[in-house]
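Architecture at a glance
If you want the building blocks of each chain, they are given just below.
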Amino acid sequence: MAAALISNKPEFVKLFLEQGVRLKEFVTWDTLVYLYDNMAPSCLFHSKLQKVLLEEREHTAGSKMPRVQLHHVSQVLRELLGSSTQHLYPKPKHTERPRLSIPVPHIKLNVQGSSLRSLYKRSAGRAAFTTDPVRDLLIWAVVQNRQELAEIIWAQSQDSMAAALACSKILKELAKEEEDTDTTDAMLALAEQYEQKAIGVFTDCYRKDEERAQKLLTRVSEAWGKTTCLQLALEAKNMNFVSHGGVQAFLTKVWWGKMCVDNGLLRVIACVLFFPLLFTSLITFRDKRLQPMGCLTRLRAFFTAPVVIFLMNILSYFTFLLLFAYVLMVDFQSSPSWREYLIYFWLFSLVCEEIRQLLYDPDGLGVVKMASLYFKDFWNKLDVCAILVFITGLTCRLIPSTLYPGRIILSLAFTIFCLRLMHIFTVSRTLGPKIIIVKRMLKDVFFFLFLLAVWVVSFGVAKQAILIHNEERVEWLFRGVVYHSYLTIFGQIPSYIDGVNFNIDQCSPNGTDPYKPKCPETNEDNKKPIFPEWLTVILLCLYLLFTNILLLNLLIAMFNYTFQQVQEHTDQIWKFQRHDLIEEYHGRPPAPPPLILLNHLQLLLRRGLLRRPATRHKQLKEKLEKNEEAALLSWEMYLKESYLQHQQCQEEQNAEKKIQGIAQRIDVLAELLDLERVKRTGLLEQRLVSLEEQVHQNAQALRWIMLALQGSGFSSGEDMPPVGSSKALEMKELDLEEKLEESQPSYHVLARNLLYPGSHTLRFPVPDEKVPWEVDFPLYAPPTYSADHKDMAVQDPFSPSLESLLKINYNTMDGLIDRQSFHGLYAVQDGLPLNPMGRTGLQGRGRLHCFGPNHALHPVVTRWRRNLDGSIIRKSLKKMLEVLVAQYPLSDVWALPGGSLEPGETLPLKLKWILRREFWPQFQNLLKQGTEIHKGYLDDPRNTDNAWVETVAVSVHFDSQNDVEMKRLNSFLQGCDPELCIRWQVLDKRIPLHTNHKELLHKVSTLLGAYY
């Protein structure tokens, strides 16, 4: 079992579980430590675990790296799951640290090793079993992104919904730190699958029983760090789960408290303004005990409902803003009035409420962690900013000499308090998403200002330096460089910038007037500006062009993208953000400011004097009794099994799955038939060999008889007939095979196709016996064709003349062009080289760019074809290959990723189209490590009598599916043309490839002993 887990064999793990292996007996603390100790070094979780061990070694000042323990794993898991969870594996004391009764030996990664038994040899009472073995194995599989193994283990889990949400959270956090793009995408896809599993299980539970399903949301899960399913979904930002109808129905129930959710908002507002209406039938409650009209508990149930607390806080906040505005505009005296004192008292209650939110810690996370969580919220930052600005303004206001600056600062504080009103509208389904859009647009504006500042400052400095000489006043420098340049964007162009509307009365010649800018450079005689007007006008036009047209339209485009992105998920975002508002007012004291100070005084007495800890309301986090929790988890597990069966039925009914199943059965049947045929053929060969041996023995016996009779005088006048042996028969068969091979033509075939590719030129027909140049062919009159490649920088003359041909140096390096052949020296006749393989029916260079050999490179990149479990697929007892092929634009067939080499280049241009530039040097190293399978003439349809293709084919094979270079190759594959297609193709005889490329693939399959 341990070997199957470590070597990632999900079929074996499933088989073990089906055969009755109990995880509670298998998963011990020692087993878990061993599993985490044998994680793959390339795993991100392994590297995070090593960092924790390194920190512990530095903390303890030890020289030896400590061994992996479960509390180290728990430390990393808490970083991934979030601070709302507690440690899954508590750190043991030194006296209670679990020790191995027998040292754990090395376990081989196969299921046949006898060393597996030693893992389970524990003395009685010495093995420490974990509390939740399914959870432990699930976490171990998920952090390594082992999808199939994790699904098998999750199917065994009891707390399945919390497990799925926790796995989704872990995978999303790991994906943020993963550097490999493919692994990141796989992690995010797996996280999405686990979120869908949680949604599926919760949907079935909610359809069966709404109340029990909602209990699953708020039940404290001991196995997952004493957190809840709802909290895990919020930490992982699983918007699909939170926006589920059942979750939203639960949040709505919490929002309305003990009241019925069908009470109208207007009726609630009427009861808030005039509470005696509560004793009428205007408001209905869910609890039957609250139905009597004269019940005083109706008042408490009504005023403690989050919706009522929200409405009263809105009313209080509007009253505070109205009173604040009245004091600033009407009643701001040198000594504060009673209204102003009332504002200070009101603000003090708001400060006390913010302190309560900061220190409210029902989960025991600590002040530092609560402070970090508090300041993560944007609205809390805005509250703190408004309060600090108000306190600063109040300090200045109380000092007589800074009364006016204090009023200015208080006015700014009023503006920030008004911005805080936007948080109120998040409860609205229409306005809530719009506020989110505004928040994201503010980020766009922040980055946009960096671009704008470059143009504003550059234009402002240039304008100021050209127009004005030595302006020493800092405030007017800022006006000229930044302020005026910024206003120019909105159409306020300075009148003096072109000299036409220049008025010397509007400026100060020497810069002595503090209320006027300094005059530009002027003529001393007629006081006319002398700066280059044409230059300032050009700068102004360019500035307006880039800022008004380019940058502002860029900002509009960024806003439009943000709007479209949020608008697509408006409903989900609103439902997700709605929880924060409901949770805030669910735990808020019922009285609005400033009366909230009474509640704060009550909390201070209860926690300060009575020492009672803070508790979370049961509606959002509830710890169930053991019997109730066991019954609830059993019910959830039953519905999870129902969900898995339903999913399995849907997959089986899927047409694509049916086709895949039929295809797999056909492949298995074909393999069985091939195996049977091979067996029969082998049996027949054995019988033939036996028959040949018997015939050989009979021939020897007859020869001995004939010799004996001849020695006894019974000889005939005729010679003794020869009696053949099996060796002679074998030699004859070999000679026959050699003759058959010699009878097959070794001449080029594709190079004699009648129609030349890419043109309307027809070749002169050349029969097989007339191909060699040595054979006389008086009627041979081939046409001449040479294409003009405008896209090629180096090519031989389009219409060759004798003078131009004599300049070409054949059988050597001609500048950058290599005109040497792999087959040795070739003949040159009348200034033109002759194809070493014979006539082709066409003169000239055709579509090739050079006379003589045109060198090419064809990498043959292969890997083994594998099943989903990673096993290699076989056919006819041979392994099957997959080869990397590409389909280039304007081509109907697939080809190997290679082609002609440009002069001076080491990689073909077509190969560079496929690979990104940064991977070219690494691919060259792969070619150097590969195996050369062909070097020489290539039978190509483009070959002519005077130009031909010679290629070097190199086999690059990836034997392991986890090969780092293969993963890098897949990540660096690209298409520079949208019509360029790249894929891994199964290698067999039917592969749709060029014929000459098929010959190269045949050599590769022979080299690797693979099926072809």
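The notes below deal with the structure included here. This is a predicted model, so every value here is computed, not measured.

Rules behind the numbers
Residues numbered from 1 in each chain as written. Predicted model: local features only at pLDDT ≥ 70, side-chain atom pairs only at ≥ 80, totals over all residues. Heavy atoms only, no water. Patch = residues over 30% accessible without salt bridge, like charges linked within 9 Å, V, L, I, M, F, W, Y side chains within 5 Å. Areas by Shrake-Rupley, 256 points an atom, 1.4 Å probe, with all protein chains shown as cover. Salt bridge = Lys/Arg side-chain N within 4 Å of Asp/Glu carboxyl O. Helix = DSSP H or I, 4+ residues; strand = E, 2+ residues; numbered from the N terminus. Phe/Tyr/Trp six-rings, centres within 6.5 Å; stacked < 30°, edge-to-face > 60°. Buried < 20%, exposed > 50% of the residue type's maximum accessible area, 1.4 Å probe, protein only. Lys NZ or Arg CZ within 6 Å of the ring centre and 35° of its normal. 1 Å grid on protein atoms, 1.4 Å probe; cavity = no way out; pocket = protein on both sides within 12 Å on 5 of 7 lines; lining within 4 Å. Points joined across faces, edges and corners; volume = space filled by probe spheres on them. Nonpolar A, V, L, I, M, F, W, Y, C, P; charged D, E, K, R; others polar. Arc of directions from axis to C-beta. Contact = heavy atoms within 4.5 Å.

1. Some details on a nonpolar patch on the surface
Together, Leu-265, Leu-266, Ile-269, Leu-273, Phe-274 and Leu-315 make up an exposed nonpolar region whose accessible area comes to about 630 Å². The dominant element in the nonpolar patch, judged by the number of residues it contributes, is helix α15 (residues 265-273), at 4 residues. You can see Leu-266 is positioned in helix α15.

2. Things to note about the packing of aromatic side chains
Under the defined criterion, the tally for this structure stands at 30 aromatic pairs. Centroid distance Phe-324 to Phe-417: 6.4 Å. Interplanar angle 70 degrees. Geometry classified as edge-to-face. Taken together, the positions of Phe-324 in helix α17 (residues 306-329) and Phe-417 in helix α21 (residues 403-419) put the pair 93 residues apart, joining distant regions of the chain. Phe-417 shares its class with Phe-324; the two are buried. For the ring pair Phe-446 and Phe-450, a centre distance of 5.3 Å and an interplane angle of 90 degrees mean the geometry is edge-to-face. Of the two residues, Phe-446 and Phe-450 both sit in helix α22 (residues 431-467), 4 residues apart, roughly one turn of that helix. Of the residues examined, Phe-446 reaches a relative accessible area of 48% and is grouped as partly exposed. Just above the ring of Trp-635 sits the side chain of Arg-212; from NZ or CZ to the centre is 4.6 Å. Lying over the aromatic face of Tyr-780, Arg-839 brings its terminal NZ or CZ to 5.3 Å of the ring centre.

3. Some remarks on empty space enclosed by the protein
Under the counting rule described, the total for this entry stands at 3 cavities of 30 Å³ or more. Empty space within the largest cavity amounts to approximately 310 Å³. Looking at the lining of the largest cavity, the elements with two or more residues in it are α17, α18 (338-359), α20 (378-398) and α25 (570-586). Split by residue class, the lining of the largest cavity holds 12 nonpolar, 4 polar and 6 charged.

4. Description of helix α32 (residues 920-929)
What α32 keeps buried is the set Trp-920, Phe-923, Leu-926 and Leu-927. All buried residues of α32 project into a common sector of 110 degrees when viewed along the axis, lining one side. Among the exposed residues of α32, those oriented more than 90 degrees off its buried face are Lys-928 and Gln-929. If you follow the buried residues of α32, they end up packed against β7 (852-864), α31 (909-914), β13 (947-958) and α33 (964-972).

Function cannot be read off these values alone, since they describe shape.
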